[in-house]
Amino acid sequence: MSQTIGKTRLAYSRTWHYVDVGSDPRALGRLASSIALFLMGKNKPIYDPSTDCGDYVVAVGCHDLRTTGKKRAQKLYYTHTTRPGSLKSMTMDKMFEKWGGGEVLRRAVKGMLPKNRLREKRLARLKTFEGLAHPYKENIVKYGNQSVIGSLPEVQEAFKAAKTSA
């Protein structure tokens, strides 16, 4: 691919990944760690910790998020406004009721991203939805396990042009 040519625009291009949380058998932590790897760009050969080369992730069906043990009732999320006495806590069940499973997944992924300047930019590329409907269907390269990009005529022409010139 482009890693033989160098740091080209193609190497830094962002792809869109689709994750159906409801049909995924993994628990919250394992799912969040794999999403964090795509957001950081560790799946690419040009990965560098100081550059932002990650991809977009669309997570749908977050209302069916799986957890193990008694986490829904026992895990607490804390918020603080830095004012004395403003520490507030909320269980995972209350967070599901108030903001949905997308916020729970977002906070789990946020905890697995490196704590640096790129954290919020990477987290902004995570799109979570409670249901299966989302507005990013045209952007997704892989839908299920089938590649959508090979069927695009522009991409096929580009591959043919690259083969003839090589």
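Residues numbered from 1 in each chain as written. Predicted model: local features only at pLDDT ≥ 70, side-chain atom pairs only at ≥ 80, totals over all residues. Heavy atoms only, no water.

Visitor: Run through the nonpolar core, naming residues and quoting values.
Guide: In this structure, V21, I35, L65, V104, L105 and V109 are the most contacted members of the largest nonpolar core, which totals 25 residues. The biggest single contributor to this core is helix α1 (residues 28–40), with 7 residues. When near neighbours in sequence (up to four residues on either side) are disregarded, V109 contacts A32, I35, A36, L39, L123 and L126. (Core = buried A, V, L, I, M, F, W, Y, C linked by side-chain atoms within 4.5 Å. Buried < 20%, exposed > 50% of the residue type's maximum accessible area, 1.4 Å probe, protein only. Helix = DSSP H or I, 4+ residues; strand = E, 2+ residues; numbered from the N terminus. Contact = heavy atoms within 4.5 Å.)

Visitor: Account for the environment of W16, naming residues and giving values.
Guide: With respect to the helices, strands and loops of the structure, W16 is situated in strand β1 (residues 16–20). Overall, W16 belongs to the buried group, its relative accessible area being 12%. With 41 residues separating them in the primary sequence, W16 and V57 have C-alpha atoms 5.7 Å apart.

Visitor: Describe the side chain of K44, with residues and values.
Guide: As for its position among the elements, K44 is in the loop between α1 and β2 (56–60). Classification of K44 by relative accessible area gives buried; the value is 13%. With residues up to four places along the chain from it excluded, the contact list for K44 reads A11, Y12, S13, R14, C53, G54 and D55.

Visitor: Tell me about the environment of A32, and please be specific about residues and values.
Guide: Within the secondary structure layout, A32 lies in helix α1. Residue A32 is classed as buried on the basis of its relative accessible area, which comes to 0%. Considering only alpha carbons, one finds A32 and G111, 79 residues apart in sequence, at a separation of 9.1 Å. If we ignore the near neighbours within four places in the chain, the residues touching A32 are L105, A108, V109 and M112.

Visitor: Which residues make up the pattern of salt bridges, and what are the values?
Guide: Counted according to the given criterion, the structure contains 7 salt bridges. Between D55 and K44 there is a salt bridge whose closest N-O contact spans 2.9 Å. Remark: K44 occurs in the loop between α1 and β2 and D55 occurs in the loop between α1 and β2; sequence separation between them is 11 residues. Residue D55 shares its accessibility class with K44, and that shared class is buried. The residue E103 makes a salt bridge to R107 at a minimum N-O spacing of 3.2 Å. Of this pair, E103 and R107 both sit in helix α4 (residues 101–112), 4 residues apart, which is roughly one turn of the helix. A relative accessible area of 23% means that E103 is categorised as partly exposed. Given a relative accessible area of 26%, R107 falls into the partly exposed group. When salt bridges with common partners are traced through the structure, they connect R14, D52, R122 and R125 into a single cluster. (Salt bridge = Lys/Arg side-chain N within 4 Å of Asp/Glu carboxyl O.)

Visitor: Can you lay out the packing of aromatic side chains for me, pointing to particular residues and giving the numbers?
Guide: In the structure shown here, the tally under the stated rule is 3 aromatic pairs. With centroids separated by 4.2 Å and ring planes inclined at 5°, the aromatic side chains of W16 and Y56 adopt a geometry described as stacked. On the criterion of sequence distance, the pair formed by W16 in strand β1 and Y56 in strand β2 is long-range, its members being 40 residues apart. R72 extends its terminal NZ or CZ atom over the ring of F96, reaching a point 3.9 Å from the ring centre. Directly above the aromatic system of Y77 lies the positively charged group of K75, at a separation of 5.1 Å from the ring centroid. (Phe/Tyr/Trp six-rings, centres within 6.5 Å; stacked < 30°, edge-to-face > 60°. Lys NZ or Arg CZ within 6 Å of the ring centre and 35° of its normal.)

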